[in-house]
Amino acid sequence: MGTLELDGVTKVFPDGDGEVVAVDDVDIEMRDGEFLVVVGPSGCGKSTTLRMVAGLETVTSGEIRLAGNVVNDVKPQHRDIAMVFQSYALYPHMTVEGNMAFGLEESTELSDEEIETRVTDAAETMGIAELLDRKPSDLSGGQQQRVALGRAIVRDPEVFLMDEPLSNLDAKLRSEMRTELQRLQSELDVTTMYVTHDQTEAMTMGDRIAILNAGELQQVATPLECYHEPANRFVAGFIGDPSMNFFDVKRDGDTLDGAVFDYPLSASTLDDVGDVTDLTLGVRPEDISVAGDAAGDHAFSTVVEVVEPMGDENTVYLRFEDAPEGETFIATVGGLQRISVGDEVTIEIPEEAIHLFDGNTGEAVHNRDMEE
Amino acid sequence: MSNDARTDGGTASATDTGASAGALAGIDGYRVLLYLGLLGMLTFFLIPIESGLVTSFKTSSGVSGSLPFAPPTGSTFTLEKWQSAFDALGRGLINSALYAIPATVISALLGSFAAYGITQSDWKQKYKAPVLALFVAGIFIPYQAVLVPLSQFWSMVSLQDWLGFVWALGINDDYAGVVELIVTHVAYGLPICTVLFRSYYKNMSEEMIEAARLDGASIRRIYRRIVLPLSGPMFAVVLIYQFTQIWNDLLFTLVLVQTESSAAAPIVLILAGLGTSLEGQDFALRMAGAFIAALPTLAVYIAFGEEFAEGVAT
């Protein structure tokens, strides 16, 4: 069974006289056949985590268990893991067939005929059967990518590791391969750990997302949970494009006191907040309604500073009437709604859509209401 | 005469560029000067070789009776010097090949092994660095400084005695010198080979090696199936460089084989005394001998030329 567990995994690199903690006490449990996307900004330790699972980096402390067995000290060649690299890392002097057969020749006792059958099968799955006699240098980027994937699936490993495999492709091919990879993964049902910095890939591909920042695991949850119920301010800001708006506020009784606006809270939200006074108010751009006829405690007068038409929707940069110029937040409105720079519009920030984070720790104290 | 021939060649190439550019306006004063300058340099560098070549085909009276770079005329032309040079150097060619080829191949292979170890293996950096430092230091040891210790070493390690079973087969025991030359050249060629291969392996994709490790290959298998097949261009560079060095080296042969009368005398030793006698120098014979001695290095360069260019470019 291809379960993969990371238990308190830590990686410390020596750096001159000091040390750099690249991965800090990460716990992840993956069930068999799960597609987990590890996402985070560059330098967050996601690739290091993947390389520790592969055995290409040693683990400073903690345990990595593959199918229940601790593999910390198992050499990469004995871990039954296949990895797809960002650069594809194909062997340039071998044909596609040679590239795909290499792993089977080195790690199994299969006969030549069996290897050939498996290579042909995998090549057909990847749609590269007619390329088997070619050298990697004769292939396009997309074809090389398929060979790299084919080389991984032909080995039929316990776990696939993928290190930003799509980042060298152009945008159109990337979205094609994204769909194809998902299809392939659900077909093969192999546990897959997929590293990317691209949050679109994270949202669309994974069964679950693990978000890392500065070596620390922020949240492991389904894409929608990460989006609607972020564990902290970092996750809230990282997932979603355009990203969530944040306002630093102080709680004053049952009201949030921002620099240029006051936001009264209902009793149930106040329960969540408890006795925290320094807070960050978060609201997603699409939850801000720019209907124009809003009224009430949660309606505010704003000025439109910039409009970015995207076709299906407009990204609007708004400024509270009393706020200094340039201090904007973002709302998205329908593509057909007429709105232009300089307009004064009344917006509403509905209370059921707001997130509140502890201003000091960044932990979420209140997430938006979900309509179930 | 020879100047005329060169001018012809020069004009031909000038018209070529004009024609391919499709505009006579392309031939301006600067270009004319540039080509004249290049032609001058070409002549300067080729005259010695041309002189040597034409001299080797002249009779002794032809050599003394004409300018060095003038070609032989009907009465002064002869192939006899090449014939006698070949007769004199024939055994030297074989003796030289007997140590130059093994020493080149072994030093290139060992250099490749060592470089693989200090680049792509997962040994700790702190162990690799001192090893590399030793190799680099080895490059800068001048041969002259090691001549005395070297001859002392080979007098202690007496191959003449140790290889008695070989001489019993009827092989002249002078050939101990050839074995000594192989070992010596491998030892002194290894540092430069290692450093050349190291720079090549440093640039090799690390992800590719990691992919091979994950594919289940051991460190030896990765070398044999991935690194070695991709080392072709650097092997060409090292083989050409090492072969030329070893083939042309006179110093070690003087110390280890010593005399041209030895049965194992390499070509450089015989060449040193060729055509020299009390009556004076036989220039034609010496030139013919020099060309014969240079032919193998030329052949190696032509054989690996394409890979050489690729290896130097990386």
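Residues numbered from 1 in each chain as written. Chains lettered and ligands numbered in written order. Predicted model: local features only at pLDDT ≥ 70, side-chain atom pairs only at ≥ 80, totals over all residues. Heavy atoms only, no water.

Student: Can you tell me about empty space enclosed by the protein, naming the residues and giving the values?
Tutor: Following the criterion strictly, the structure yields 2 cavities of 30 Å³ or more and no others. Volume-wise, the largest cavity comes out at about 60 Å³. If you go around the largest cavity, the residues you meet are A:Ala82, A:Met83, A:Ala148, A:Arg151, A:Ala152, A:Arg155, B:Ala211, B:Leu214 and B:Asp215. Secondary-structure elements contributing two or more residues to the lining of the largest cavity are β6 (81-84) and α4 (141-153) of chain A together with α10 (206-214) of chain B. The element best represented in the lining of the largest cavity is α4(A), accounting for 3 residues. Here the residues of the lining of the largest cavity sort into 6 nonpolar, no polar and 3 charged. Estimates place the volume of the second largest cavity at around 50 Å³. In terms of lining, the second largest cavity is formed by A:Leu149, A:Ala152, A:Ile153, A:Phe160, A:Met162, A:Leu181, A:Leu184, A:Gln185 and A:Leu188. Put simply, the parts of the chain that give the lining of the second largest cavity at least two residues each are α4, β7 (159-163) and α5 (171-188) of chain A. Ranked by the residues each element gives to the lining of the second largest cavity, the list is headed by α5(A), at 4 residues. Among the residues making up the lining of the second largest cavity, the classes are represented as 8 nonpolar, 1 polar and no charged. (1 Å grid on protein atoms, 1.4 Å probe; cavity = no way out; pocket = protein on both sides within 12 Å on 5 of 7 lines; lining within 4 Å. Points joined across faces, edges and corners; volume = space filled by probe spheres on them. Helix = DSSP H or I, 4+ residues; strand = E, 2+ residues; numbered from the N terminus. Nonpolar A, V, L, I, M, F, W, Y, C, P; charged D, E, K, R; others polar.)

Student: Give a description of the interface of chain B and chain A that names residues and reports values.
Tutor: Residue-level contacts link 16 residues of chain B with 24 residues of chain A. Carbon and sulfur atoms supply 55% of the area that chain B and chain A bury against each other, a total of about 1,900 Å² over both sides. Contact with chain A buries area across many residues of chain B, yet B:Leu214, B:Asp215 and B:Arg225 alone supply 39% of it, more than any other trio. The tally of links from chain B across to chain A stands at 5 salt bridges. Residue B:Asp215 is joined to A:Arg155 by a salt bridge in which the shortest nitrogen-to-oxygen separation is 3.2 Å. (Contact = heavy atoms within 4.5 Å. Buried area = accessible area lost by both parts, 1.4 Å probe. Salt bridge = Lys/Arg side-chain N within 4 Å of Asp/Glu carboxyl O.)

Student: An account of the packing of aromatic side chains is requested, with residue identities and associated values reported.
Tutor: Residue and element names in this part refer to chain B. Tallying each qualifying case throughout the model produces 27 aromatic pairs over all chains. With 5.3 Å between their ring centres and 75° between their planes, Phe113 and Tyr223 make a pair best called edge-to-face. Placement of Phe113 in helix α4 (residues 80-119) and of Tyr223 in helix α11 (residues 219-227) is noted, with a sequence separation of 110 residues between them. Judged by relative accessible area, Phe113 falls into the partly exposed class, the value being 41%. The class for Tyr223 is buried, based on a relative accessible area of 9%. (Phe/Tyr/Trp six-rings, centres within 6.5 Å; stacked < 30°, edge-to-face > 60°. Buried < 20%, exposed > 50% of the residue type's maximum accessible area, 1.4 Å probe, protein only.)

Student: Lay out the nonpolar core in plain terms, naming residues and giving numbers.
Tutor: A:Leu4, A:Leu6, A:Ile64, A:Leu161, A:Met193, B:Tyr201 and B:Ile226 are the most contacted members of the largest nonpolar core, which has 57 residues in total. Discounting chain neighbours no more than four positions away, the residues touching A:Leu161 are A:Leu50, A:Val53, A:Ala54, A:Ile81, A:Ala82, A:Met83, A:Val84 and A:Met193. A:Met100, A:Ile128, A:Ile153 and A:Met162 belong to the second-largest nonpolar core, a separate cluster that totals 45 residues. (Core = buried A, V, L, I, M, F, W, Y, C linked by side-chain atoms within 4.5 Å.)

Student: Provide a residue-level description of the packing of α4(A) against α5(A), including the pertinent values.
Tutor: Residue and element names in this part refer to chain A. Remark: α4 packs on α5, axes separated minimally by 12 Å, with the N-to-C direction vectors making an angle of 15°. As far as their axial angle goes, α5 and α4 are roughly parallel. Like other packed secondary-structure pairs, α4 and α5 cross with a definite hand, here right-handed. Facing α4, whose interface residues are Gly142, Gln145, Arg146, Leu149 and Ile153, α5 presents Leu173, Met177, Glu180, Leu181, Leu184 and Leu188. The class makeup of the residues in the contact of α4 with α5 is 7 nonpolar, 2 polar and 2 charged. (Axes fitted to C-alpha atoms, helices over the stretch in contact; angles between N-to-C directions. Parallel < 35°, antiparallel > 145°, perpendicular 65-115°, else oblique. Left-handed = near helix turned anticlockwise from the far one by under 90°.)

Student: Describe in detail unusual backbone geometry, supporting the description with residues and values.
Tutor: Residues and elements named next belong to chain A. Of the consecutive residues Asp241 and Pro242, the connecting peptide bond is found in the cis state with omega at -5°. Its place among the elements puts Pro242 in the loop between α8 (233-238) and β11 (245-252). Even without glycine at this site, Ala214 takes up a positive phi of about 50°.

Student: Could you give an account of the layout of surface pockets, with specific residues and numbers?
Tutor: Think of a ball as big as a water molecule: rolled over the atoms, this probe shows where empty space is left. In this model, the largest pocket occupies a volume close to 1,200 Å³. Forming the walls of the largest pocket are 38 residues, and the residues nearest its centre are A:Leu56, B:Ser121, B:Asp122, B:Trp123 and B:Arg213. Partitioning the lining of the largest pocket into residue classes produces 14 nonpolar, 11 polar and 13 charged.

Student: Could you give an account of the confidence of the model for chain B, with specific residues and numbers?
Tutor: For chain B, the mean per-residue pLDDT works out to 84, and 91% of the residues sit at or above 70. Across the predicted assembly, pTM comes out at 0.79 and ipTM at 0.81. (pLDDT = per-residue confidence, 0-100.)

Student: Got a sec to walk through the domain arrangement of chain A? Specific residues and values, please.
Tutor: All names here are of chain A. The domain boundaries assigned to chain A delineate domain 1 (4-237) and domain 2 (243-366). Computed from C-alpha atoms alone, the centre-to-centre distance between domain 1 and domain 2 is 39 Å. Between domain 1 and domain 2, the residue contacts involve 9 residues of the former and 12 residues of the latter. Its largest share of buried area at the contact with domain 2, domain 1 owes to Tyr227, Arg233 and Ala236, together 61% of the area lost on that side. Viewed at the interface, domain 2 and domain 1 are joined by 1 salt bridge. Here Asp248 ties to Arg233 by a salt bridge, and the two come within 3.9 Å at their closest N and O atoms. Where domain 1 touches domain 2, the interface holds 4 residue pairs in polar contact (both at pLDDT 80 or more). Of all the secondary structure elements, the ones that give two or more residues to the side of domain 1 that touches domain 2 are α7 (223-228) and α8. For the side of domain 1 that touches domain 2, a count of residues per class yields 5 nonpolar, 3 polar and 1 charged. (Domains from an automatic or database assignment. Polar contact = N/O pair within 3.5 Å; in protein donor to acceptor, adjacent residues only side chain to side chain.)

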